[in-house]
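If you want the building blocks of each chain, they are given just below.
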Amino acid sequence: MAEFDLIVVGGGLVGSALAWGAQTAGATTALVDEGDVAFRAARGNFGLVWLQGKGVGTPAYMHWSLRAGRTWPAFAERLAAAAGFDIGWRQPGGLQFCFSEREIDARREIIAQTRAEGGDIDISILERADLKALLPGIGDEVAGASFSSLDGHVSPLYLLRALQKAFRDAGGRHFPGFRVDRIDAGKESFRATDGTRPLAGKRIVLAAGLGAAGLAPQVGLAMPVRPERGQIVATERAKPFLPYATNCIRQSVEGTVLLGSSHEERGFDVGTDVPTVAGLCRTALRVFPALAEVNIVRSWGALRIMTPDGLPIYQESARFPGAFAVTCHSGVTLASVHALDVGPALAGGTLPPHLSCFTGERFDVPAS
Amino acid sequence: MFRRVEAPPSSSAGTDTFLFETREIPFRPGDSVAAALLAAGVAAMRDSPVDGSPRAPYCMMGVCYECQLEIDGRQNQQSCLVKARAGMVTRRQRGARTIA
């Protein structure tokens, strides 16, 4: 007899959001987390809830992301109340900086495409003079920016802690330091084990990021994910100077200024390198020359979880119904819908119907 | 509060000073700014960027950041790592730095 209604494999942002959502929807849920040896994208994240331009060219993903963005305020309020602390969520709107008229034109193109694909989001162009009125400290090289009031930011660390605390407080069972290495599918139940301890659940969802690739085939799923490294630079704390989320600089609620982030194909190497860090700093200085005086306190590398086309996977196994795959590289932005839409659906044994286009089968084409 | 363990140099041909807030602080050659301040009885250097409480140097070796001052117009300088020089202008670091 299954001990749990649902086992969530993976205690990052995706798994923790699903687990909280499922537990509060009435499913007895186990959240199984590998531990500090895991790659933990959740702990290296920049913390943007970023909607402008997201999913352009793939309307289903755009609409899903926009739903996530519109759900964020209610989600953040509910989560902060459940966890009992401020998760650093702010929705002041987001600015993507442009350094040339050409870059501004590219943003105009994004706006036009968003509209053509039915994206319900206002994105506007701020010419240099308008931007300078908002942010007097911008550098001479900044030509303008695109702005969306739907964009926001959050502390990914507080978000993760809040989800796990809210999950446990709701009665969920959290198993840290439990590295699932084998899943056996039985009749209407699944058994996950780390080699010594068994956990039994009626349903199981793989949300283990890069760790899910090896587990998925055991339950008839395919999660072909690869790591993409991003590096981030953090400065000493400063008094509030940047009241917006932006594509490359973010000031946390504590005052730390984060400079991000790179996109690199470096396998599972989570290191940093001086040329990349210097490049992030150079870009930040072009935007805000006054940052030159600010001390850097650390930098780090973390791994995004990328599918071949960069879109999420939401799928139930055809061979082993009750086994699900969930993965994405936007664990922060999508946390709202993972907690409030997908988690409760999984508690009922299904996925939200409008996610049927995100199965992993789209990758089943022979390589030429 | 703090007392120097070494005797003053015998031929003290006038002592150099730097400015801390409104006070002239004497120092000996080789003193860090933080050491000279402690010897002069100044304890509170920065106010915590988290809760604004006054802080004094803890490690004196560049690790704890509690000795931060504004030195010659530059904020968040670790005064235990900066050698005192005549004529310096130093002030307490009041909470988190500003970005102009």
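Residues numbered from 1 in each chain as written. Chains lettered and ligands numbered in written order. Predicted model: local features only at pLDDT ≥ 70, side-chain atom pairs only at ≥ 80, totals over all residues.

**Student:** Which residues make up the nonpolar core, and what are the values?
**Tutor:** If you look at the biggest cluster of nonpolar residues, it comprises 115 residues, and the most contacted ones within it are Ile7(A), Val8(A), Val9(A), Leu18(A), Val32(A), Val205(A) and Leu206(A). Counting residues per element, this core draws most heavily on helix H2 (residues 59–83) of chain A, at nine residues. One finds Ile25(B), Val33(B), Ala36(B) and Leu38(B) within the second-largest nonpolar core, a separate group that totals 17 residues. (Core = buried A, V, L, I, M, F, W, Y, C linked by C-beta atoms within 7 Å. Buried ≥ 20, exposed ≤ 12 C-beta atoms within 10 Å, placed from the backbone. Helix = DSSP H or I, 4+ residues; strand = E, 2+ residues; numbered from the N terminus.)

**Student:** Explain the pairing of strand S6 (residues 74–78) of chain B to me, using residue names and the numbers behind them.
**Tutor:** All names here are of chain B. Strand direction decides the pairing type here: strand S5 (residues 68–71) and S6, joined by three bridges, are antiparallel. Following the sheet pairing, Ile-71 is matched in S6 by Arg-74. Hairpin connection, S5 to S6: the antiparallel pair is bridged by two residues, and Asp-72 has positive phi, about 50 degrees. (Pairing = 2+ DSSP bridges.)

**Student:** Please provide a residue-by-residue account of the packing of H2(A) against helix H5 (residues 156–169) of chain A, values included.
**Tutor:** Residues and elements named next belong to chain A. For the pair H2 and H5, interaxial distance at closest approach is 8 Å and the crossing angle is 60 degrees. Note that H2 runs across H5; the crossing there is left-handed. Note on element contacts: H5 touches H2 through Ala-162, Leu-163, Lys-165, Ala-166 and Asp-169, opposite Leu-79, Ala-80, Ala-82 and Ala-83. Classifying every residue of the contact of H2 with H5 by side-chain character gives seven nonpolar, no polar and two charged. (Axes fitted to C-alpha atoms, helices over the stretch in contact; angles between N-to-C directions. Left-handed = near helix turned anticlockwise from the far one by under 90°. Contact = placed C-beta atoms within 7 Å. Nonpolar A, V, L, I, M, F, W, Y, C, P; charged D, E, K, R; others polar.)

**Student:** Outline the domain arrangement of chain A, supporting the account with residue identities and numerical values.
**Tutor:** All names here are of chain A. Here chain A is partitioned into domain 1 (4–49 + 157–225 + 308–363), domain 2 (94–148) and domain 3 (226–306). One C-alpha centre belongs to domain 2, the other to domain 3; they are set 21 Å apart. Residue-level contacts link 10 residues of domain 2 with 10 residues of domain 3. Here the side of domain 2 that touches domain 3 is built from residues that sort into five nonpolar, four polar and one charged. (Domains from an automatic or database assignment.)

**Student:** Tell me about the sheet that holds strand S13 (residues 245–246) of chain A, residues and numbers included.
**Tutor:** All names here are of chain A. Ordered by their spatial adjacency, four strands build an open sheet running S5-S6-S4-S13, and the pairing between neighbours is mixed. Whereas interior strands pair on both sides, the edge strands pair on one side only; in this sheet they are strand S5 (123–127) and S13. Across five bridges, the pairing between strand S4 (residues 94–98) and strand S6 (residues 144–148) is antiparallel. Looking across to S6, one finds that Gly-94 is bridged to Ser-148. Contacting S4, S5 and S6, helix H3 (residues 101–116) runs over the sheet at an angle of about 160 degrees to S5.

**Student:** Tell me about the sheet that holds strand S14 (residues 249–251) of chain A, residues and numbers included.
**Tutor:** Paired through their backbone hydrogen bonds, the strands of a sheet run either parallel or antiparallel. Residue and element names in this part refer to chain A. One open sheet accounts for four strands, arranged S14-S15-S12-S16; its pairing is antiparallel. Pairing within the sheet leaves two strands with one partner each, and these edge strands are S14 and strand S16 (296–306). The average undirected angle you get between the axes of adjacent strands in this sheet is 25 degrees. Where strand S12 (residues 226–237) and strand S15 (residues 256–259) come together, three bridges link them in antiparallel fashion. Considered in S15, the bridge of Arg-237 is made with Thr-256. Seen against the sheet, helix H7 (residues 274–287) touches S12, S14, S15 and S16 and runs at an angle of roughly 55 degrees to S12.

**Student:** Lay out the environment of Leu126(A) with the relevant residues and their values.
**Tutor:** Residues and elements named next belong to chain A. You can see Leu-126 is positioned in strand S5. In this structure the C-alpha to C-alpha distance between Leu-126 and Gly-144, which are 18 residues apart in sequence, comes to 5.5 Å. Setting aside residues no more than four positions away along its own chain, Leu-126 makes contact with Leu-131, Gly-144, Ala-145 and Phe-147.

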